[in-house]
Amino acid sequence: MTAIQITRAADVLPDEERAALQPLIDEIGRLKLERNAIVAAHNYMTPDIYHLAADITGDSLALAQLALDTEAEVIVLAGVHFMAETAKLIAPEKTVLIPDPDAGCSLADGITGADVRRLKEENPGVPVVTYVNTSAEVKAESDITCTSSNAVDVVESLGVDRVIFTPDQYLGKWVASQTDVEVVLWEGSCMVHERFTGAEIAEYKRDWGDIQVIAHPESPPDVLAEADYVGSTHGMINWVRERQPAKVMMITECSMADNVAESTPHTSYVRPCNLCPHMKKITLDKIRVSLETMTHQVEIAPEVAERARRAVERMLEVGRRD
């Protein structure tokens, strides 16, 4: 079984840790002012980044939308590479920095533009819905992108009976269970979420008694069957904040419980902890260096960017449900 950790608000960034980090946070703040920059942090970032360095936090859709809204000239994307690419697609006039260019994604690495072209040849005329956890090259071969928060709405917005859905098979299966549209799947998966099993979650529920289980739809179907709520990271955060359960188990990346705990002091997070090694490549010091040296700048070939941008903009027009 996955190791269990208990997280409470008081355990997240105690005063001593904050004090030790303050000089580095101050330096990052100085550089942000100098560069007219913001730090955009995904919900899976470590608490020091999420609570102390970030100007904007959120899931993939929120981070894409911020690129449209911010007046900053520089966006430091504290997340993984496809998120930085998406920000660059949405705001090509801005400088987008990724503190570590090796911060990748098992989903994004598991599919190529050639794979999508082959799927389209095998399913002529069927539109392609692509999860944002993909490269710009893959987005460019797609009709529209989606996030876990709006995947069902995106699929239904096309007004067709059948779609190709890439690359996450589990998110695709969850979408298929929520709509009458037939979904053709690519068999990709997230290395964090695929580790969980339904039997494991059922055992935790027996052991912990009165506990609420909420799960990300990138998890396998047997895990989702054990959940009291299934939703995006944004939806999961809102669910906990609104309900304030005494105990909750979040079936998603480990750091998210730390980041939500501070705003939900009456909830204890009982978590089977799986960390994303790619997300954890981003650190406070790498953010500082990124701002200081203006590296690593995200660039996308114009012929790819134009087509990928259309797919992302169509997603933004659909918006979000949760």
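Above this text is the structure in question.
Since we're looking at a predicted model, the values are computed, not measured.

Rules used throughout
Residues numbered from 1 in each chain as written. Predicted model: local features only at pLDDT ≥ 70, side-chain atom pairs only at ≥ 80, totals over all residues. Heavy atoms only, no water. Helix = DSSP H or I, 4+ residues; strand = E, 2+ residues; numbered from the N terminus. Rg over C-alpha atoms; globule rule 2.2 N^0.38 Å. Buried < 20%, exposed > 50% of the residue type's maximum accessible area, 1.4 Å probe, protein only. Contact = heavy atoms within 4.5 Å. Polar contact = N/O pair within 3.5 Å; in protein donor to acceptor, adjacent residues only side chain to side chain. Salt bridge = Lys/Arg side-chain N within 4 Å of Asp/Glu carboxyl O. Axes fitted to C-alpha atoms, helices over the stretch in contact; angles between N-to-C directions. Parallel < 35°, antiparallel > 145°, perpendicular 65-115°, else oblique. Nonpolar A, V, L, I, M, F, W, Y, C, P; charged D, E, K, R; others polar. Pairing = 2+ DSSP bridges. Right-handed = clockwise from strand over helix to strand, strands pointing away. Phe/Tyr/Trp six-rings, centres within 6.5 Å; stacked < 30°, edge-to-face > 60°.

Caption draft 1: Structural detail: the overall build of the chain. The helix and strand tally for the chain stands at 14 helices and 13 strands. In terms of C-alpha radius of gyration, the chain reaches 19 Å, essentially the compact-globule figure of 20 Å for 322 residues. On the principal axes, the C-alpha backbone points of the chain span a range of 60 × 50 × 30 Å. When burial is assessed residue by residue, the chain has 59% of its 322 residues classed as buried. Look at the contacts in the chain between residues 6 or more apart in sequence, and 64% of them connect residues 24 or more apart.

Caption draft 2: Here's a closer look at the side chain of Ser255. Structurally, Ser255 can be placed in helix 12 (residues 255–261). Take Ser255: its relative accessible area is 4%, and that puts it in the buried class. Reaching out from Ser255, the side chain makes a polar contact with the side chain of Lys280 at a distance of 3.0 Å. For Ser255, the residues in contact, after removing those within four places along its chain, are Asn43, Tyr44, Met45, Thr46, Arg271, Leu275 and Lys280.

Caption draft 3: Geometry of the pattern of salt bridges. All chains considered together, the criterion is met by 15 salt bridges. Close ionic contact of Lys32 with Asp55 constitutes a salt bridge, the shortest N to O distance being 3.0 Å. With Lys32 in helix 1 (residues 15–35) and Asp55 in the loop between helix 2 (47–53) and strand 3 (56–58), this residue pair connects regions lying 23 residues apart in the sequence. Assessed through its relative accessible area of 41%, Asp55 is described here as partly exposed. Of the charged contacts in the structure, one is a salt bridge between Arg117 and Glu141, with a shortest N-O distance of 2.9 Å. Within this pair, whereas Arg117 is found in helix 5 (residues 113–122), its partner Glu141 is found in the loop between helix 6 (136–140) and strand 7 (144–146), the two being separated by 24 residues in sequence. Exposure remark for Arg117: the relative accessible area of 36% places this residue in the partly exposed category. A cluster of three or more residues bridged by salt bridges with shared partners is formed by Arg117, Lys120, Glu141 and Arg307.

Caption draft 4: Geometry of the packing of helix 4 (residues 81–90) against helix 14 (residues 302–318). It is at 9 Å that the axes of helix 4 and helix 14 come closest, and there the two elements cross at 90°. As judged from the angle between their axes, helix 4 and helix 14 are roughly perpendicular. For the pair formed by helix 4 and helix 14, the contact residues are Thr86, Leu89 and Ile90 on the first element and Ala305, Ala308, Arg309, Val312, Glu313 and Leu316 on the second. Taken together, the residues that form the contact of helix 4 with helix 14 break down as six nonpolar, one polar and two charged.

Caption draft 5: Here's a closer look at the pairing of strand 2 (residues 37–42). Burial runs high along strand 2: six of the six residues are buried. Residue alternation in strand 2 divides its side chains into two sets, Ala37, Val39 and Ala41 and Ile38, Ala40 and His42, and both sets are buried. Here strand 2 pairs with strand 4 (residues 74–78) via five bridges, running parallel. Considered in strand 4, the bridge of Val39 is made with Val76. Pairing analysis gives three bridges linking strand 2 to strand 3, with the strands arranged parallel. Of the residues in strand 3, the one forming a bridge with His42 is Gly58. Crossover handedness for the path strand 2 to helix 2 to strand 3: right-handed.

Caption draft 6: Structural context of the packing of aromatic side chains. Under the defined criterion, the tally for this structure stands at one aromatic pair. For the pair Tyr229 and Trp239, a centre-to-centre distance of 5.9 Å together with 20° between the ring planes defines the contact as stacked. Residue Tyr229 is located in strand 11 (residues 229–230), and its partner Trp239 is located in helix 11 (residues 233–243); the two are separated by 10 residues in the primary sequence.

Caption draft 7: Quick peek at helix 4. In terms of burial, helix 4 is largely enclosed, as nine of its 10 residues are buried. Listed in full, the buried residues belonging to helix 4 are Phe82, Met83, Ala84, Glu85, Thr86, Ala87, Lys88, Leu89 and Ile90. Buried residues belonging to helix 4 abut strand 2, helix 3 (60–69), strand 4, strand 5 (95–97), helix 6 and helix 14.

Caption draft 8: Quick look at the environment of Val152. Structurally, Val152 is set in helix 7 (residues 151–157). Given the relative accessible area of 5%, Val152 is considered buried. Between the alpha carbons of Val152 and Trp174 there is a distance of 8.9 Å; along the sequence they are 22 residues apart.

Caption draft 9: Just the sheet that holds strand 7, in detail. Taken in spatial order, the four strands make up an open sheet running 7-6-8-9, and their pairing is parallel. Each having just a single partner strand, strand 7 and strand 9 (182–185) make up the two edges of the open sheet. Each neighbouring strand pair of the sheet contributes to a mean axis angle of 35°, computed without reference to strand direction. In terms of strand pairing, strand 8 (residues 162–166) meets strand 9 through four bridges, oriented parallel. Looking at the pairing, Val163 lines up with Val183 of strand 9.

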